[in-house]
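# Chain and residue survey
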Amino acid sequence: MLGTIVNALAIILGSLLGIGVKKGIKDDYKNTIMDGIGLAVIIIGIMGGIKSENIILVIGSIVVGSVIGEVIEIENKLDNLGDFLQDKFGGKDSNFSKGFVTASLVYCVGAMAIVGSLESGIQGNHQTLFAKSILDGISAIIFASTLGIGVAFSSIPVFIYQGSITLLANFIKDLLTVQVVNEMSAVGGLLIMAIGINILGIKKIKVGNMLPAVFIPIIYYILVNLVNLIR
C-alpha cells in the first residue's frame, strides 16, 4: 500500500500548497486558468483514447458501463458525498463539492492508477504510483488554487480505489494483459475528455455514472476466453 499512501499524501500536500496560492490569484485569472486546465484535460483524454485497437469495444463499454452507472447512481453518490464533506469541512467554499468530484474522477480514471496499483500489489514495485504521485501533486496545486480545499479530500476515494486494486492484485493479474489495459486506457481517455468538457462548462456529462465502463473490457475478454475454451 506504500504507493497508494504516497499518492494520497501528495494530493493533500499539493492541495494545501494550491490553497496558499489561491489567495493571491484574482477571479479573472482563476477562470482563465480553469479554462486552460479543461483544455489540457481534454488533450490528456485524447492521448489515452487513441490507444484503442478495438473501437467497437470502447463504444460498447461506454454504453454498458453508463447503464450500470445510471442504475447504481454513482454520480449522485459522489455529489452527495461531496456535499456532506462540504457541510462538515467546506465552510463557505462554494466550489468544495465541484473540486472534490472533479479531482476524484481525474485521479481515479486512467491507466496509471490501475497499472500502478497492480504493480504495487503483485511485485511490490511502487515506481508507477510514485510517478503518478508527482503528477497528481502538481495538478492538485493547480486544481486547489481555483477549486479550493475540496481537492484535498479527493485523496479519500483515490486511497480506497487504488488500495482496493492493490489488495486484489493477485486475483486479477492474469486478466490484465497489455491488450486489456490498452482498451481500459482508451475508455478512461474518453471519460477524461468528458471531465475536460465539464470543466469548460460546454455540457454537463455524468462522468461518475460512466465509471463502470473502464472495467467492461476485462469482462469482455473473460467472456471471449470462455467461448474459446468451450469451442
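All values reported here derive from a predicted model rather than from experimental measurement. Just so you know, the residues in each chain are numbered from 1, in the order the chain's sequence is written. Residue-level local features of this predicted model are given only where pLDDT is at least 70; pairs of side-chain atoms are given and counted only at 80 or more, and the full residue set underlies all totals for whole chains, interfaces and linings. Only hydrogens and water are set aside when side-chain values are computed; all heavy atoms of the structure are taken into account.

## Let's talk about unusual backbone geometry
The criterion, for reference: A run of H or I in DSSP counts as a helix once it spans at least four residues, and a run of E counts as a strand once it spans at least two, with each numbered from the N terminus.
Phi at E73 takes a positive value of approximately 60°, unusual for a residue other than glycine. Structurally, the position occupied by E73 is in the loop between α3 (55-72) and α4 (74-90).

## Here we look at helix α11 (residues 216-230)
Inclusion rule: To estimate the expected span of a helix, count its residues, drop one, and scale the result by 1.5 Å. Only protein chains enter the accessibility calculation, which uses a 1.4 Å probe; a residue whose area is less than 20% of its type maximum is buried, one above 50% is exposed, and one in between is partly exposed. Should any heavy atoms of two residues lie within 4.5 Å, those residues are considered in contact.
Its 15 residues place the ends of α11 21 Å apart at the C-alpha level, agreeing with the 21 Å of an ideal helix rising 1.5 Å per residue. Taken as a whole, α11 has its buried residues at I216, P217, I218 and Y221. In this structure, the buried residues of α11 make contact with α3 and α9 (178-200).

## Examining the confidence of the model for the chain
Stated formally: Per-residue confidence from the predictor is given as pLDDT, running between 0 and 100.
The pLDDT averaged across the chain works out to 85; a share of 97% of its residues lies at or above 70. Here helix α6 (residues 111-123) stands out as the least confident element of the chain, with mean pLDDT 79; α3 is the most confident, with 93.

## A look at the UniProt feature "transmembrane region" (unreviewed entry) in the chain
Inclusion rule: UniProt positions are given in the numbering used here, feature names are shortened, and annotations may be inferred rather than shown by experiment.
In this structure's numbering, the residues bearing the UniProt feature "transmembrane region" (unreviewed entry) are residues 6-25, 32-50, 56-74, 95-118, 138-160, 180-201 and 207-230. Taken end to end, residues 56-74 has its terminal C-alpha atoms 24 Å apart, with 95% of it in helix and 0% in strand. With 79% helix and 0% strand, the stretch residues 207-230 has end C-alpha atoms that lie 36 Å from each other.

## A short note on the environment of F84
Relative to the elements of secondary structure, F84 occurs in helix α4. For the pair F84 and S97, spaced 13 residues apart in sequence, the C-alpha separation works out to 8.6 Å.

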